[in-house]
Amino acid sequence: MKIILIGIQGAGKSTQGNILSEKLGIPYLSTGHIFREMAKEKSKLGRYIKETMNAGYLIPDDKTVEIVKKYLEKPEYAKGYIIDGFPRTVAQAHAFENGAKKAIYLKVTDEEALKRISFRNGNERADETPAAIAKRIESFHIHTEPAIDYYRQKGMLVEIDGEKSIEEISKDILRSIGK
Ligand code: AMP
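The following refers to the structure shown. Predicted, not measured: the structure shown is a model, and the values here were computed from it.

This brings us to the pairing of strand E1 (residues 2-6). Among the five residues of E1, four are classified as buried, and the element is accordingly described as predominantly covered. In terms of strand pairing, E1 meets strand E3 (residues 81-84) through four bridges, oriented parallel. If you follow Lys 2 over to E3, its bridge partner there is Tyr 81. Pairing geometry for E1 and strand E4 (residues 102-107), over four bridges, is parallel.

Set out below in C-alpha cells:
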C-alpha cells in the first residue's frame, strides 16, 4: 500500500506517519528528512540543499523528483510506504504517478500550525527560523494547495481534521483507508 501524507508544516504528518507505519507494517519516510541528511554532505549539492532549506524555499521540482524516485528504489519500499512531504507541487504530482490510492490531507489552520511549530521541543532546527517558517507557510498555500486540488480531482484525496487528538486522528485515517 502506498500512501501520500499532505499538510502544512506542524500539521502532525510525521506523528501520524509513524503511527500508521506501525499499524500497517509499512515504512514511513519524509522528503524533509532525506533533504536534511543530504544537507549535511560537504558537496556542492549538499550545500545548495542546505541553503535552500534554511531559507524555507522548495528544492526545484526536477531535482526533487529525481532524488525521491531514486530513494524509493530501495528494496525496503518495494511493498509500499507512507510518504510525507512529497509531492508538494502540481509538477511533482504529475511526475510521480506511483500508484498510490490515497492522498491524506491533514488539515489544520495556519495559526494552529504556527503554535505547534513554536512549541516544538527546543526548536533547534536551522530551517525553523521565523522567516523560514513564514516562507514555508506561504509556499504551502501557493504550491501545495494546487497539488491537493489535483488529488481531489482524481478522487484520491481524503481530508482529515488535524486538530483533533492524536488518537482520534489516527482512527480517522485508518477508517478512511478501510482499516
Ligand atoms: P519538511 O520537513 O517537509 O518541512 O521539509 C523541509 C524542507 O525540505 C522544505 O522546506 C524544502 O526546502 C525541502 N523539501 C521537502 N520536501 C520537498 C519537496 N517535495 N519539494 C521540494 N522541497 C522539499
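Moving on: the sheet that holds strand E5 (residues 157-161). Spatially, the five strands line up as an open sheet ordered E2-E3-E1-E4-E5, and their pairing is parallel. Edge positions in the open sheet fall to strand E2 (28-30) and E5, since each of these has one partner strand only. This sheet shows a mean twist of 25° between the axes of neighbouring strands, independent of strand direction. Sheet analysis places E4 next to E5, joined by five bridges and oriented parallel. Looking across to E5, one finds that Ala 103 is bridged to Leu 157. Together, E2 and E3 form the strand contacts of helix H2 (residues 31-38), whose direction differs from that of E2 by roughly 60°. In this fold helix H8 (residues 166-176) packs onto E4 and E5, with an angle of close to 160° to the strand it touches most, E5.

Bringing the site of the ligand into the picture now. What surrounds the ligand is a group of 17 residues, the closest being Thr 31, Tyr 57, Gly 85, Gln 92 and Arg 136. In this structure, Tyr 57 approaches the ligand through a main-chain N or O atom, which is 2.5 Å from an oxygen atom. Here Ile 59 contributes a backbone N or O atom positioned 3.0 Å from a nitrogen atom of the ligand. When isolated, the ligand has an accessible area of 480 Å², and the protein chains bury 96% of it. The biggest single contributor to the shell around the ligand is H2, with four residues. In terms of residue class, the shell around the ligand is built from six nonpolar, six polar and five charged.

Counting across every chain of the model gives five aromatic pairs. Residues Phe 86 and Phe 96 carry aromatic rings whose centres are separated by 4.8 Å and whose planes lie at 75° to one another, so their mutual orientation is edge-to-face. A residue pair is termed long-range when its members are at least 10 positions apart, and Phe 86 in the loop between E3 and helix H5 (90-95) and Phe 96 in the loop between H5 and E4 qualify at ten residues. No difference in accessibility class separates Phe 86 from Phe 96, as the two residues are buried. An angle of 75° between the planes, with centres 5.3 Å apart, marks the rings of Tyr 150 and Tyr 151 as edge-to-face. When its relative accessible area of 2% is taken as the criterion, Tyr 151 is described as buried. In this structure an aromatic cluster arises from ring pairing among Tyr 71, Tyr 77 and Tyr 81. Across from the ring centre of Tyr 48, 5.3 Å away, lies the NZ or CZ of Lys 63, which sits over that ring. Taking NZ or CZ as reference, Lys 74 lies 4.1 Å from the ring centre of Tyr 71, over its face.

What counts and how
Residues numbered from 1 in each chain as written. Predicted model: local features only at pLDDT ≥ 70, side-chain atom pairs only at ≥ 80, totals over all residues. Heavy atoms only, no water. Buried < 20%, exposed > 50% of the residue type's maximum accessible area, 1.4 Å probe, protein only. Helix = DSSP H or I, 4+ residues; strand = E, 2+ residues; numbered from the N terminus. Pairing = 2+ DSSP bridges. Axes fitted to C-alpha atoms, helices over the stretch in contact; angles between N-to-C directions. Contact = heavy atoms within 4.5 Å. Near = heavy atom within 4 Å. Polar contact = N/O pair within 3.5 Å; in protein donor to acceptor, adjacent residues only side chain to side chain. Areas by Shrake-Rupley, 256 points an atom, 1.4 Å probe, with all protein chains shown as cover. Nonpolar A, V, L, I, M, F, W, Y, C, P; charged D, E, K, R; others polar. Phe/Tyr/Trp six-rings, centres within 6.5 Å; stacked < 30°, edge-to-face > 60°. Lys NZ or Arg CZ within 6 Å of the ring centre and 35° of its normal.

Read these as geometric descriptors, not functional statements.
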